[in-house]
Amino acid sequence: MEDNNDIELADVQESDEDEELIEVCPVCGSPELYYEAGGTEGLYHCKYCGYIGAFVIDANLEMMKLIRDEYESKARVSE
């Protein structure tokens, strides 16, 4: 059985490598990021939600949509 799990894991890893990953904001999932202070500080700034920080997520389109949906649902609740 362990051999089957190894094969399945390898298949998943190979399929993930083929996907295009985009750097997105960890707060809202937007790909609209630019370097704050000309990139000298290593900080990203999100044009959509205003996030400023060094952490971004490399996400595929599905993950980007999940982050965006969660962000928008939290925004609706707080209104």
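In case you missed it, the structure is sitting above this.
Draft legend 1. Representation of the pattern of salt bridges. Taken as a whole, this structure holds three salt bridges when the rule is applied. The shortest N-O distance in the salt bridge between E70 and K74 comes to 3.2 Å. Linking E70 with K74, this pair stays in helix α2 (residues 61-78), spanning four residues, or about one helical turn.

Draft legend 2. Focus on the pairing of strand β3 (residues 43-46). Across four bridges, strand β2 (residues 33-36) lies against β3 in antiparallel orientation. Bridge pairing links L33 to C46 in β3. Bridge analysis of β3 against strand β4 (residues 52-53) gives two bridges, and the strand direction is antiparallel. In the strand pairing of β4, Y44 is matched with G53. Taken together, β3 and the strand that follows it, β4, pair antiparallel across an intervening segment of five residues, in which G50 is found at a positive phi of about 90°.

Draft legend 3. Seen up close, the sheet that holds β4. With antiparallel pairing, three strands are arranged side by side in an open sheet as β2-β3-β4. Looking at which strands have only one partner, the edges of the open sheet turn out to be β2 and β4.

Criteria and thresholds
- Residues numbered from 1 in each chain as written.
- Predicted model: local features only at pLDDT ≥ 70, side-chain atom pairs only at ≥ 80, totals over all residues.
- Heavy atoms only, no water.
- Salt bridge = Lys/Arg side-chain N within 4 Å of Asp/Glu carboxyl O.
- Helix = DSSP H or I, 4+ residues; strand = E, 2+ residues; numbered from the N terminus.
- Pairing = 2+ DSSP bridges.

What is shown is where atoms sit, not what they do.
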